[in-house]
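Residue-level listing of the chains:
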Amino acid sequence: MGQWLERNIVEPGKLPLLLALAAFVLTFVVTRVITRLIRAGKGPFGNVKAGGLHIHHVVPGVVLTVVGGFGAVAGGRQGPGAAVAAIVFGIGAGLVLDEFALILHLDDVYWTEEGRKSVEVVVITAAMVGLLLAGFSPFGVNDISADELQDRGTVIANVVANFAFSLVALSKGKARTAIFGVIVPLVAVVGAVRLARPGSAWARRFYGDRPRARARAGLRAYHHDRRWSRLSRTLQDWIGGKPDRPEPARLPGRR
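Before going into details, it helps to say that this report is about the structure given with it. These numbers come from a predicted model, not from an experiment.

Criteria and thresholds
- Residues numbered from 1 in each chain as written.
- Predicted model: local features only at pLDDT ≥ 70, side-chain atom pairs only at ≥ 80, totals over all residues.
- Heavy atoms only, no water.
- Helix = DSSP H or I, 4+ residues; strand = E, 2+ residues; numbered from the N terminus.
- Contact = heavy atoms within 4.5 Å.
- Areas by Shrake-Rupley, 256 points an atom, 1.4 Å probe, with all protein chains shown as cover.
- Salt bridge = Lys/Arg side-chain N within 4 Å of Asp/Glu carboxyl O.
- Buried < 20%, exposed > 50% of the residue type's maximum accessible area, 1.4 Å probe, protein only.
- Expected span 1.5 Å × (residues − 1).
- Patch = residues over 30% accessible without salt bridge, like charges linked within 9 Å, V, L, I, M, F, W, Y side chains within 5 Å.
- Lys, Arg positive; Asp, Glu negative; His and termini not counted.
- Charge placed at Lys NZ, Arg CZ, Asp CG, Glu CD.
- Bend = angle between axes of the 7 residues up to and from the residue.
- Axes fitted to C-alpha atoms, helices over the stretch in contact; angles between N-to-C directions.
- Parallel < 35°, antiparallel > 145°, perpendicular 65-115°, else oblique.
- Nonpolar A, V, L, I, M, F, W, Y, C, P; charged D, E, K, R; others polar.
- Phe/Tyr/Trp six-rings, centres within 6.5 Å; stacked < 30°, edge-to-face > 60°.
- Lys NZ or Arg CZ within 6 Å of the ring centre and 35° of its normal.

### Notes on the overall build of the protein chain
- Helix and strand counts for the protein chain come out as 11 helices and two strands.
- Reading the secondary structure of the protein chain in the N-to-C direction produces α-α-β-β-α-α-α-α-α-α-α-α-α.
- Within the protein chain, contacts between residues at least 6 apart in sequence are counted, and of these 62% link residues at least 24 apart.
- Accessible surface computed for the protein chain: about 17000 Å², of which carbon and sulfur atoms make up 64%.

### Focus: the pattern of salt bridges
- Applying the stated criterion across every chain, the model contains seven salt bridges.
- Linking D225 and R197 is a salt bridge whose minimum nitrogen-to-oxygen distance equals 2.9 Å. Here R197 lies in the loop between α9 (187–193) and α10 (201–206) and D225 lies in helix α11 (residues 211–240), a separation of 28 residues in the sequence.
- Overall, D225 belongs to the partly exposed group, its relative accessible area being 29%.
- With relative accessibility at 26%, the residue R197 sits in the partly exposed group.
- Through salt bridges with shared partners, a single network forms among E113, R116, R233 and D237.

### Focus on helix α4 (residues 79–98)
- Between its first and last C-alpha atoms α4 spans 29 Å; for 20 residues at 1.5 Å apiece the expected length is 28 Å, and the two agree.
- Along α4, the residues that are buried comprise A82, A83, A85, A86, G90, G92, A93, G94, L95, V96, L97 and D98.
- Packing partners of the buried residues in α4 comprise α2 (15–40), α3 (58–75), α5 (100–105) and α6 (116–133).

### Quick look at a positive patch on the surface
- Taken together, the side chains of R194, R210, R212, R216 and R220 present a region of like positive charge at the surface.
- With respect to the element layout, R194 can be found in the loop between α9 and α10.
- Take R194: its relative accessible area is 38%, and that puts it in the partly exposed class.

### Topic: α11
- In the structure, α11 departs most strongly from a straight axis at W228, where the bend amounts to approximately 35 degrees.
- Buried within α11 are the following residues: A213, A217, A221, Q236, D237 and G240.
- For α11, the elements touching its buried residues are α2 and α6.
- Of the residues flanking the end of α11, it is G241, one or two places downstream, whose phi is positive at about 95 degrees.

### Remarks on the packing of α2 against α11
- Viewed as axis vectors pointing N to C, α2 and α11 meet at an angle of 80 degrees, and their least axial separation amounts to 9 Å. Taken as axis vectors, α2 and α11 run roughly perpendicular relative to one another. For the pair formed by α2 and α11, the contact residues are F28, R32 and R36 on the first element and D237, W238, I239 and G240 on the second.
- Of the residues contributing to the contact of α2 with α11, the split by class is three nonpolar, one polar and three charged.

### Brief notes about the packing of aromatic side chains
- Going through the model one piece at a time under the given rule, you end up with two aromatic pairs.
- Where Y110 meets W111, the ring centres are 5.0 Å apart and the plane angle is 85 degrees; that geometry is what we call edge-to-face. Across the pair, exposure class does not vary: Y110 and W111 are buried alike.
- The ring of W111 carries R39 above its face, with NZ or CZ at 4.2 Å from the centroid.
- The side chain of R205 reaches across the aromatic face of F206, ending 5.1 Å from its centre.

### Notes on the side chain of T31
- Within the element layout of this structure, T31 appears in helix α2.
- For T31, the residues in contact, after removing those within four places along its chain, are H57, L95, D98 and Y110.

### A few points about a nonpolar patch on the surface
- Together, F163, L167, L170 and V182 make up an exposed nonpolar region whose accessible area comes to about 360 Å².
- Considering every element that reaches the nonpolar patch, the biggest residue donor is helix α7 (residues 146–171), with three residues.
- Relative to the elements of secondary structure, L170 occurs in helix α7.
- Using a relative accessible area of 48% as the deciding quantity, one classes L170 as partly exposed.

So, to be careful, I would describe these as geometric facts and stop short of saying anything about function.
The structure is reproduced here in structure tokens:
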């Protein structure tokens with residue numbers, strides 16, 4: 001284990017990235033546990049308030065992210081300073097992305113249906129960083145020889161092509177596939193060649209006068225959502241907690 005860590009993490013200079021990822025995931029888990037305890041009215045925890053104002057944990061998260069980010073830039077990639085900066089940045093990023101939905105909607109939607117976006121963003125971020133740690137990166141950190149430069153040019157060309165496929169997949173309404181396609185070779189090709197989701201920019205542009213394509217796209221999206229939506233929601237509920245049920249609408253004049 002020690003040799004593997006030295007060869008694959010320490011020697012390529014990925015230790016700060018590993019520390020940042022560990023701090024990020026641990027912070028998110030601890031934060032979700034505490035917020036679920038507060039929601040259930042258990043334990044010694046409570047919301048942080050100042051003068052009646054609820055201080056969301058995204059606020060200290062932003063501060064820690066800024067401190068850790070500038071510390072990493074100033075301290076380089078080696079030494080204890082880089083490790084500390086990475087941990088501080090990971091903690092801050094965990095606090096910020098745990099309330100990503102709040103930032104997106106500019107409203108306290110933490111325990112609402114819209115709040116699921118925070119869990120989704122955290123999972124995607126952790127997966128992307130994990131892929132970078134596993135070696136899915138177009139550039140290494142060691143010096144390369146003149147003979148290897150040609151191969152590096154080929155790699156860069158492949159990355160550019162994958163990025164182009166990612167843009168097509170994104171325009172087709174397949175954000176997750178587009179994101180992972182930037183890092184993992186050829187993943188975005190699947191999203192780029194398949195039918196666009198209804199309502200996407202691609203569908204509005206190219207399916208306007210193609211009723212059969214619109215029908216096929218709608219049917220494919222229906223079957224996909226029916227197959228995977230329940231599993232996705234169950235996983236999000238397990239990770240972040242179930243959102244509150246919306247209150248039933250009341251007729252005007254009734255109490």
